[in-house]
Each structure stands twice: as structure tokens, then as C-alpha cells.
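The chain contents come next:
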Amino acid sequence: MSDVFNLIDEMEGYFEECKTMPFSNKIIVDMEVVYEFMTDLRLKLPEEIKRSQRILEEKERIIEDSRKEADHALNKASARVNELIDDHEISRKAEKKAQEIIEAANQTAKEIKVGAYEYVEELVEQMEYAMRDTVEQTNIHYGKFENYISQQVKVMANNREELIMSKNKLNE
């Protein structure tokens, strides 16, 4: 574009050097010089326009590439965010499941403890009953044994009396 501007500057310089018509603002120009300027301008302008067009196309290409890269980065970031959300959701679900398992295990442990206490209580009750029965049976047998011994003592006392009587009869 600088060539075009240089050519325009040359044209301005030429017009400034041209002679003016008396009593007016009009100037006298050599048409061949003006045609040469126009020809040069026509030759240089398309090149500058083409170069400008190439620059604009390159700018558009860069913008489009930047958009694509931005879209790709955005899609990648969105995918990562979704992945993190999914990971977080999986972690949250795993934590919830773990909590449910812990609660179920605690409930099962509590039920086992209650069952153990009930079982031990039942065993203690059975032992208490057996011991009471043993005491009762012991008392019954002791009473029978006591009666038996008492009877034996009486039998022995009677036997001794008979012996003493028999001895006394002999001594008489």
C-alpha cells in the first residue's frame, strides 16, 4: 500500500507544481502525465488490493483457527468438568454406599450383641434353675439322709439298750 501512497504523494506534488489559470483555482495539467499516474495507479492498486486481500484472508484464517482452538479448549474443559462431576458423583455415591454398609454393620453388630445378651441371660436363668433344683434336691436328700441317720441312731440306741439289758441280766 505504501507504493500507492507514494504515487498519490507524487501526484499531489505534480499538481502543486502545475500552473494555475489566471483568475481561477483551476490548474493546467499535462494529460499524458496524468494518464501515466493513472496507469501506474491502476497497476499498483490491484497488487496492493491483492496483498490487502491476502492479509485479510490470513487474518480471517488466524481468527478461525483461534476460534477452533478456543472451541476445542472449551470442549476439552467441558469434558474435564463433566468427568470431574462424574468422579465427584461416583465418590458421593461410594461414600453414601459405604455409610449404608457401616450403618447396616452397626445394626447387625447391635442385633448380635442383643442376641448374645439374651442367650447369656437364658443360660444364667437355666443355671439358676438348675442350682435351685440342686439345692432343693440336696435338701430333700439331706432330709432323707437325716431321717435315715436318725433312724440308725435310734436303732443303735435300741441295740445298745438291749445289750445293756442283756448284760445286766447276765450280771444279775
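Below: a short report on this structure.

Analysis parameters
- Residues numbered from 1 in each chain as written.
- Predicted model: local features only at pLDDT ≥ 70, side-chain atom pairs only at ≥ 80, totals over all residues.
- Heavy atoms only, no water.
- Patch = residues over 30% accessible without salt bridge, like charges linked within 9 Å, V, L, I, M, F, W, Y side chains within 5 Å.
- Areas by Shrake-Rupley, 256 points an atom, 1.4 Å probe, with all protein chains shown as cover.
- Salt bridge = Lys/Arg side-chain N within 4 Å of Asp/Glu carboxyl O.
- Helix = DSSP H or I, 4+ residues; strand = E, 2+ residues; numbered from the N terminus.
- Phe/Tyr/Trp six-rings, centres within 6.5 Å; stacked < 30°, edge-to-face > 60°.
- Buried < 20%, exposed > 50% of the residue type's maximum accessible area, 1.4 Å probe, protein only.
- Expected span 1.5 Å × (residues − 1).
- Arc of directions from axis to C-beta.
- Core = buried A, V, L, I, M, F, W, Y, C linked by side-chain atoms within 4.5 Å.
- Contact = heavy atoms within 4.5 Å.

**As for a nonpolar patch on the surface**
Then, number 1: Where nonpolar side chains cluster on the molecular surface, the patch consists of Tyr 142, Phe 145, Tyr 148, Ile 149 and Val 153 and spans about 520 Å² of accessible area.
Then, number 2: Here Val 153 lies in helix α2 (residues 31-171).

**Brief notes about the packing of aromatic side chains**
What describes a pair of aromatic rings is the distance from one ring centre to the other and the angle between the planes of the rings.
Then, number 1: Per the counting criterion, the structure on display carries two aromatic pairs.
Then, number 2: Consider the rings of Tyr 14 and Phe 15, whose centres lie 5.9 Å apart with planes at 55 degrees: the pair is tilted.
Then, number 3: Owing to a relative accessible area of 17%, Tyr 14 belongs among the buried residues under this scheme.
Then, number 4: The rings of Tyr 14, Phe 15 and Phe 37 are connected pair by pair, giving a single aromatic cluster.

**Brief notes about helix α1 (residues 2-17)**
Then, number 1: Across its 16 residues, α1 extends 22 Å between first and last C-alpha, which sits within 8% of the 22 Å expected from 1.5 Å per residue.
Then, number 2: The set of residues buried in α1 consists of Val 4, Leu 7, Met 11 and Tyr 14. Seen end-on, α1 carries its buried residues on one side only, within an arc spanning 80 degrees. In α1, the exposed positions that point more than 90 degrees away from the buried face belong to Glu 16 and Glu 17.

**Focus on the nonpolar core**
In globular proteins that are soluble, nonpolar side chains generally tend to be buried together.
Then, number 1: Counting residues in each nonpolar core, the largest one holds six residues, listed as Leu 7, Met 11, Tyr 14, Cys 18, Val 34 and Phe 37.
Then, number 2: Listed by contribution, the elements that provide at least two residues to this core are α1 and α2.
Then, number 3: In terms of residues, this core owes the most to one element, α1, which gives three residues.
Then, number 4: Setting aside residues up to four positions removed in sequence, Tyr 14 forms contacts with Val 29, Asp 30, Val 33, Val 34 and Phe 37.

Purely geometric numbers; function is a separate question.
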